[in-house]
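# Architecture and fold: a report
Each chain, written out:
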Amino acid sequence: MKRLVAVLLLLAVAGAVDGDERSDGYCKHTSGSTPRPHSVTITEFGAVGDGVTLNTVAFQNAVFYVRSFADKGVLIILSTMLELICGTGNNGAIDGQGSVWWEWFRSHTLNYSRPHLLELVSSSDIVVSNLIFLNPPAWSIHPVYSSNVTIQNIIIHASSDSPYTDGIVPDSCSNFHIEDCSISVGHDAIVLKSGWDNYGISFGKPSSNIQINNVQLQTSLGSALAFGSEMSGGISDVRVAHLYVRNSHTGINFKTTRGRGGYIKDIVISDVEMENVHEAIRFTGYCGAHPDHHYDPDVLPVIKRVTVKDVVGSNISVAGVFSGIDHDPFTAICLANISLPITTDLSDPWTCSNVAGFSDSVFPQPCLDLSLNSSLFCFSLETFRAIAEI
C-alpha cells in the first residue's frame, strides 16, 4: 500500500461551502464566499510527495501551527491525487467542534462560509474507512471532481438540531462507493450533487456510477438520501441497496428547479427499510434558489428512469409527494413492491402533479399518474449494463 503522497492543504479558516447555506430547512440558498486568509501545506514542514516517504511528523507539525488559528476553524483538503490514498483510522475520531459554528450561523454573525471536515478535490483512487466524524461545522465529507473513491465503515454524527449539517456529499464524482456507514445529522445524510446552474452546465462534470450499500441514516430536518438540488452537471447510473432510515423527516428525496438544466436519470433504489419517517418519498421541481442572476429560467432539468422497489415502512406520515415542473414532467418513475402503512388521517397519502410512471404492488395505492406507463418504461440497472455490453 502506498503511503500518503498528496499535499495536504490546511486552511486555518476553511474553504467555501459551495456558496450554499440553506436557511429554511429545505431548499433556500444564499451565494457567495470570502477567501481564507491563512493556509499552509505540509511540504512547508518537510513533507515529501514521493509516494514512499512517511509524512506523519510533517503533518503533525502543520496541525500544531494552525492550532493558533483554532478559533477560526480548520479544514483539511486533499489536493490533486493520482496515486492510491488509503486513509484508515481504526475508528479514530475527527471532531469538528461544530457547535460554535452553528451558533454563529444561527445568529447571522459569520463573516465566512462554514468549513467541511474533509474535502477531496480533483482526487482519484481514495479509500476512507474506519473513522468517526463528529460535529461538522457544515458537511462532514465532500468529495468534488473526484473518481474511484470508496468510503466504508464510517460513522458520522451531528446533533439533530445542527443547522444544515450534511453527511457524505459526492459532488461531480464518478466510480464512487459508499458502504457500511452510519450517519446521523441535522440535514441530508447522503446527498449527490453535480454543479449549480450555468456553472455546472458549462463545467459539465456529472456524478455517475455511484453505488451505495448497507447504510443506516437518520436526519431530523432533511433527507436520508437526496439527489440535488445542485445537479446541473447531471447525475446518472446510481444503485442504492440496503438502506435503513430511522427517525427522519424525508426518506428519499429528488430535488431540482427551473434554471438548473442537467439531469437525474438511471437510478435504482432497492431493499429499503423506513421507521418513524414523516415523508417516505419526495420528487420536487421547486427546490432551490440560484447563486446569482446569470441562470436561464428556460433551461429545464430532466428527471427520468428512476426505480424505487422493495421498500417496507412503519410509522410513516406521508407516503409520497411527486411535483414535477409545468411543461417538464418527471417521467418513467417506477415504484414496485412497496408497503408504507400511514399513521395519519390524510385523505390521500400520495400527491402527484406533472409526473408519469408505473407502479406495481404498492400500498397504499399511489396516484393514477404513477400508473400511466408500462413496466417497459422502467429502468433497471442490470438491463442498462447488459445493453451497454452488447
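This one's a predicted model, so the numbers in the text were calculated from it and none came from an experiment.

What counts, and at which threshold
- Residues numbered from 1 in each chain as written.
- Predicted model: local features only at pLDDT ≥ 70, side-chain atom pairs only at ≥ 80, totals over all residues.
- Heavy atoms only, no water.
- Helix = DSSP H or I, 4+ residues; strand = E, 2+ residues; numbered from the N terminus.
- Contact = heavy atoms within 4.5 Å.
- Buried < 20%, exposed > 50% of the residue type's maximum accessible area, 1.4 Å probe, protein only.
- Phe/Tyr/Trp six-rings, centres within 6.5 Å; stacked < 30°, edge-to-face > 60°.
- pLDDT = per-residue confidence, 0-100.
- Arc of directions from axis to C-beta.
- Disulfide = S-S within 2.5 Å.
- Core = buried A, V, L, I, M, F, W, Y, C linked by side-chain atoms within 4.5 Å.
- Salt bridge = Lys/Arg side-chain N within 4 Å of Asp/Glu carboxyl O.
- Polar contact = N/O pair within 3.5 Å; in protein donor to acceptor, adjacent residues only side chain to side chain.

We now examine the environment of Val 185. Mapped onto the elements of the fold, Val 185 is located in strand β9 (residues 174-185). With 26 residues separating them along the chain, Val 185 and Ser 159 place their C-alpha atoms 6.2 Å apart. If we skip the residues at most four places from it in the chain, Val 185 touches Ile 156, Ala 158, Ser 159, Thr 165, Asp 166, Gly 167, Gln 218, Thr 219 and Ser 220.

A separate point is unusual backbone geometry. With an omega dihedral of 5 degrees, the bond running from Gly 228 to Ser 229 counts as a cis peptide bond. With respect to the helices, strands and loops of the structure, Ser 229 is situated in the loop between β12 (223-227) and β13 (235-255). Across the junction of Phe 363 and Pro 364, the peptide omega takes the value -5 degrees, indicating a cis bond. With respect to the helices and strands, the residue Pro 364 is situated in the loop between β18 (355-363) and α4 (381-389). A positive phi angle, close to 55 degrees, is found at Asn 214, a residue other than glycine. Look at Asn 214 and you get partly exposed, because its relative accessible area is 29%. Here Asp 310, not a glycine, exhibits a phi torsion of approximately 55 degrees, which is positive.

Take the packing of aromatic side chains next. The description of two aromatic rings rests on the distance between their centres and on the angle between their planes. Under the definition given, this model contains eight aromatic pairs. The interplanar angle of 45 degrees and the centroid separation of 6.0 Å between the aromatic rings of Phe 45 and Tyr 65 together place this pair among those described as tilted. Of this pair, Phe 45 sits in the loop between β2 (39-41) and α1 (56-66) while Tyr 65 sits in helix α1, and the two are 20 residues apart along the sequence. Residue Phe 45 is classed as partly exposed on the basis of its relative accessible area, which comes to 27%. For the ring pair Phe 283 and Phe 322, a centre distance of 5.1 Å and an interplane angle of 15 degrees mean the geometry is stacked. Here Phe 322 lies in strand β15 (residues 302-323) and Phe 283 lies in strand β14 (residues 263-284), a separation of 39 residues in the sequence. When its relative accessible area of 0% is taken as the criterion, Phe 283 is described as buried. The class for Phe 322 is buried, based on a relative accessible area of 0%. Site record: aromatic cluster; members linked through ring pairs are Phe 227, Phe 254, Phe 283, Phe 322 and Trp 350.

This part takes up the confidence of the model for the chain. The pLDDT averaged across the chain works out to 85; a share of 81% of its residues lies at or above 70. Every residue in residues 29-35 scores below 50 in pLDDT, and together they form 21 contacts with partners more than four places removed in sequence or on other chains.

Among all positions in helix α2 (residues 99-106), only Trp 101, Trp 102 and Phe 105 are buried. Seen from one end, α2 has its buried residues packed into an arc of 100 degrees, which puts them on one side. Once α2 finishes, His 108 follows within two positions and takes phi at roughly 60 degrees, a positive value.

Once that is clear, we can look at the state of the cysteines. What makes a disulfide is a covalent bond joining the sulfur atoms belonging to two cysteines. Evaluated as defined, the whole model comprises two disulfides. The residue that forms a disulfide with Cys 334 is Cys 378, at a sulfur-sulfur distance of 2.1 Å. Note on the Cys 334 and Cys 378 pair: the S-S dihedral is about -95 degrees, so by sign convention the disulfide is left-handed. In this pair, Cys 334 is assigned in strand β16 (residues 330-339) and Cys 378 in the loop between β18 and α4, connecting sequence segments 44 residues apart.

Here we come to the nonpolar core. Counting residues in hydrophobic clusters, the biggest one holds 66 residues, and the most contacted among them are Ile 190, Phe 227, Phe 254, Ile 269 and Phe 322. With nine residues, the single largest contributor to this core is β14. Residues contacting Phe 227, with those up to four places away along its chain left out, are Leu 192, Ile 235, Val 238, Asn 253, Phe 254, Lys 255, Ile 264, Ile 267 and Ile 269. Core analysis: the next-biggest nonpolar cluster, separate from the first, contains six residues, Val 40, Ile 42, Ala 58 and Val 66 among them.

Time to look at the pattern of salt bridges. Overall, the coordinates contain eight salt bridges when judged by the stated rule. With a shortest N-O distance of 2.5 Å, Lys 193 and Glu 230 are connected by a salt bridge. Placement of the pair is Lys 193 in the loop between β10 (190-192) and α3 (197-203) and Glu 230 in the loop between β12 and β13, with a sequence separation of 37 residues. Classification of Glu 230 as buried rests on a relative accessible area of 5%.

Our focus in this paragraph is the environment of Asn 315. Within the secondary structure layout, Asn 315 lies in strand β15. Distance from Asn 315 to Ile 342, taken between C-alpha atoms, is 6.5 Å for residues 27 residues apart in sequence. Look past the residues within four positions of Asn 315 in its chain and what remains in contact with it is Asn 276, Val 277, Pro 341 and Thr 343. For Asn 315, the side chain forms a polar contact with the side chain of Asn 276, separated by 2.4 Å. Engagement of the side chain of Asn 315 in a polar contact is seen with the side chain of Thr 343, the distance being 3.5 Å.

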